[in-house]
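Examination of the molecular architecture
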Amino acid sequence: MSTDTSRPLPLLALGAGTDLRTERGVECPGDLPPASDPALVARARAAKERLGDKVFVLGHHYQRDEVIEFADVTGDSFKLAKEAAARPDSPWIVFCGVHFMAESADILTSDAQTVILPDLAAGCSMADMAAIAQVEDCWEQLEEAGIAADTIPVTYMNSSAAIKAFTGRHGGTICTSSNAKTALSWAFSQAGDGQVEGGTGKVLFLPDQHLGRNTWARDLGGSLEDCVVWDPHRPMGGLTLEQLREARMILWRGHCSVHGRFTVEAVEQARREIPGVKVIVHPECRHEVVELADEVGSTEKIIKTIAAAPAGTRWVVGTELNLVQRLGEQFPDQQIAFLEKNVCYCSTMNRIDLPHLVWALESLDSGRVVNPIVVDEQVAHYARVALDQMLALPGETHRD
Ligand code: 13P
Ligand code: SF4
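Keep in mind the model is a prediction, meaning the values are calculated, not measured.

Before going further, it helps to examine the sheet that holds strand 2 (residues 55-60). Pairing is mixed in the open sheet, where 5 strands are placed in the order 3-2-4-5-15. The two strands at the open ends of the sheet, each matched to only one other strand, are strand 3 (73-75) and strand 15 (372-373). One ladder, built from 5 bridges, connects strand 2 with strand 4 (residues 92-96); its direction is parallel. Its bridge partner being in strand 4, glycine 59 is matched across the sheet by cysteine 96. Lying on the sheet, helix 14 (residues 354-365) is in contact with strand 2, strand 4 and strand 5 (114-116); it crosses strand 4 at an angle near 175°.

Written as structure tokens, this is what we have:
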């Protein structure tokens, strides 16, 4: 490849050695210590060995390499929720992921088990875009407008336990990016039909408007005209009664601050610059971006799709950078680039680092539980109803 650095920065190619045209200024040569302090790595290993079967470490695919190394299981949100539920013999579950995932693990495990989040500041900006008071307020307005009777809530895993409980109380289901299609189909089969004059069954999709829209339009073949966006900061969500009556999908105005930054221009640039490239993106990306992609799926699906591709396949990947970098290293016989050079890591996922993991493990080893995630029992009860509904979706075993 050319080493001309005068042109604007193109795509960030990953994992296949240094390409000076794309990776200008990213190299860090010289006699420097490794990224993870070897003494800390040894402490993590020793603590984990001493704890043995008493601890089970779950790692989301967006975690740093230094953390993933210590995960007993890695996965997407759905796989990790199931893995947590399947470990009744581990008294301690250390969740290397973000807060909503650890809450779900707490809900799905027994009272005798404790879920630990090594850094409590590991939240999710999308989950924070829906507060329970706003959601209750929205529902009340839908009730007053006579819309709620025909509406089933479908809530993305990326939400607080309180919103999952709201979903359980109102006969809805949780979904993840790997089962959103099944969840939506189920919800429409449950939603009332015709109770509102001229109306049809509706879904209130929380809190990611993009996953809701993409699943409706791409997977269920629905029309974009049937989607409206509920803005929690405006009366009646900023919508008219007529708009609400006609809608099939009421999408909460939330999004992922990482995936929302991938652009159509980046996809077009990739197609121009890399002949035969395949574009694979997460469904949290905006609809225009998803429309242009060759493949769309959860983190687990992205990994499996690339793993199954023949050597020499060229990819640009639109999801979190830790995962894409790891894919570049794991599949050196494929060419893997990051879709958008201006997109950064998920800063909250990155809060979990090796020092925090070592602190959590060594504390457990000395009999002290740090950062336990405990969901209030009443909230947990109804949140479990919605999570169990997801786990019982038709034909639901883990899918991509
Ligand atoms: P997955 O369920 O696909 O792992 O996604 C979780 C997430 O937070 C993506 O931003
Ligand atoms: Fe939340 Fe986006 Fe980070 Fe996923 S990538 S945890 S949706 S902020």
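Here the narrative resumes.
Here the focus is the site of ligand 2. The environment of ligand 2 is made up of 14 residues, and the closest members are Cys124, Met126, Cys256, Val258 and Cys346. Here the shell around ligand 2 is composed, by residue class, of 7 nonpolar, 5 polar and 2 charged. Of the residues that make up the shell around ligand 2, three or more belong to each of domain 1 (38-124 + 349-375) and domain 3 (259-338).

Domains assigned within the chain are domain 1 (38-124 + 349-375), domain 2 (127-256) and domain 3 (259-338). Look at where the C-alpha atoms of domain 1 and domain 2 centre, and you get two points 32 Å apart. Taken together, the contact between domain 1 and domain 2 spans 10 residues of the former and 11 residues of the latter. If you list the elements that add at least two residues to the side of domain 1 that touches domain 2, you get helix 3 (77-85) and helix 4 (99-108). Among the elements that make up the side of domain 1 that touches domain 2, the one with the highest residue count is helix 4 (4 residues). Counted by class, the side of domain 1 that touches domain 2 contains 5 nonpolar, 3 polar and 2 charged residues.

Let us now look at the nonpolar core. Counting residues in each nonpolar core, the largest one holds 120 residues, and the members touching the most others are Phe95, Val203, Val281, Val317 and Leu357. Beyond its immediate stretch of four places on either side in the chain, valine 281 contacts Phe262, Val289, Val290, Ala293, Val296, Gly318, Thr319 and Leu339.

To continue, consider the sheet that holds strand 11 (residues 278-281). Backbone hydrogen bonds are what pair the strands of a sheet, in a parallel or an antiparallel way. Ordered by their spatial adjacency, 5 strands build an open sheet running 1-14-13-11-12, and the pairing between neighbours is mixed. Only two strands of the sheet have a single partner each, and these edge strands are strand 1 (12-14) and strand 12 (295-296). Strand direction decides the pairing type here: strand 1 and strand 14 (residues 335-338), joined by 3 bridges, are antiparallel. Residue alanine 13 lies in a different strand from strand 14, and its bridge partner there is alanine 337. Strands strand 1, strand 13 (314-318) and strand 14 of the sheet are contacted by helix 13 (residues 321-330), whose axis makes an angle of about 165° with strand 14.

So, on to helix 10 (residues 264-273). Among all positions in helix 10, only Ala266, Val267 and Ala270 are buried. Looking straight down helix 10, one finds that the buried residues subtend no more than 100° of arc, so they occupy a single side. Away from its buried face by more than 90 degrees, helix 10 exposes Val264, Glu265, Glu268 and Arg272. Buried residues belonging to helix 10 abut strand 11, helix 11 (287-292), strand 13 and strand 14.

The subject of this paragraph is the confidence of the model for the chain. Detailed conclusions should not be drawn from predicted coordinates in areas where pLDDT is low. The predicted model of the chain has a mean per-residue pLDDT of 91, with 90% of residues at 70 or higher. Below a pLDDT of 50 lies the segment residues 1-9, which in the model reaches 11 contacts outside its immediate sequence neighbourhood of four places, other chains included. In the predicted structure, residues 194-199 sits below a pLDDT of 50 and forms 11 contacts with residues beyond four places in sequence or in another chain.

A few words on the pairing of strand 8 (residues 202-206). Every other side chain in a regular strand lies on the same face of the sheet, so the side chains alternate between the two faces. Counted residue by residue, strand 8 has 5 buried out of 5 residues, so it is predominantly covered. The alternating pattern of strand 8 places Lys202, Leu204 and Leu206 and Val203 and Phe205 on opposite faces, both of which are buried. Across 5 bridges, the pairing between strand 6 (residues 151-156) and strand 8 is parallel. Counterpart to valine 154 in the pairing with strand 8 is phenylalanine 205. As paired strands, strand 8 and strand 10 (residues 249-252) are joined by 3 bridges and run parallel to one another. Bridged to phenylalanine 205 within strand 10 is leucine 251.

On to helix 6 (residues 161-169), then. For helix 6, the buried fraction is high: 8 of the 9 residues fall into the buried class. By the burial criterion, the buried members of helix 6 are Ala161, Ala162, Ile163, Lys164, Ala165, Phe166, Thr167 and Gly168. Along its buried surface, helix 6 packs onto helix 4, helix 5 (132-144), strand 6, strand 7 (173-175), strand 8 and helix 15 (377-391). Positive backbone phi, approximately 75°, marks glycine 171, located one or two places after helix 6.

Relative orientation of the contacting elements helix 1 (residues 38-51) and helix 14 amounts to 35°, with a least axis distance of 9 Å. Here helix 1 runs over helix 14; the crossing is left-handed. Contacts between helix 1 and helix 14 involve Leu40, Arg43, Ala44, Ala47, Lys48, Arg50 and Leu51 from the former and Leu354, Pro355, Leu357, Val358, Leu361, Glu362, Leu364 and Asp365 from the latter. Here the residues of the contact of helix 1 with helix 14 sort into 10 nonpolar, no polar and 5 charged.

Let us now look at the site of ligand 1. As a matter of local geometry, ligand 1 sits amid His61, Asp76, Ser77, Phe78, Asn158, Thr176, Ser177, Cys256, His282, Glu284, Ser298 and Thr299. Grouping the constituent residues of the shell around ligand 1 by class yields 2 nonpolar, 8 polar and 2 charged.

Rules of the game
All residue numbers refer to position in the chain's written sequence, counted from 1. The naming scheme follows written order: chains are lettered A onward, ligands numbered 1 onward. In view of the model being predicted, local features appear only for residues whose pLDDT reaches at least 70, and side-chain atom pairs are presented and counted only at 80 or more, with totals across whole chains, interfaces and linings using the full set of residues. Note: two strands are recorded as paired if DSSP finds a minimum of 2 bridges between them. By the criteria applied, helices consist of DSSP H or I runs no shorter than four residues and strands consist of E runs no shorter than two, each listed in order from the N terminus. The contact rule is simple: place each C-beta atom from the backbone, and if two of them lie within 7 Å, those residues are in contact. Orientation is described by axes fitted as lines to C-alpha atoms, over the contacting stretch for helices, and by angles from 0 to 180 degrees between their N-to-C directions. Here, nearness means that the C-beta atom of a residue, built from backbone geometry, sits within 6 Å of the molecule or strand in question. Gly is placed with the polar residues, together with every amino acid not listed as nonpolar (Ala, Val, Leu, Ile, Met, Phe, Trp, Tyr, Cys and Pro) or charged (Asp, Glu, Lys and Arg). Each domain's limits were defined by an automated method or a database of domain assignments. Any nonpolar core is a set of buried residues, restricted to Ala, Val, Leu, Ile, Met, Phe, Trp, Tyr and Cys, that join up through C-beta atoms within 7 Å. Exposure is read from a count of other C-beta atoms within 10 Å of each residue's own; the residue is exposed at 12 or fewer, buried at 20 or more and partly exposed in between. C-beta atoms are placed from the backbone. Directions are taken from the helix axis to each C-beta atom, and the arc is the one they span. The score called pLDDT rates the predictor's confidence residue by residue, from a low of 0 to a high of 100. Crossings are classed by handedness, with left-handed meaning an anticlockwise turn of the near helix from the far one by less than a right angle and right-handed meaning a clockwise turn.

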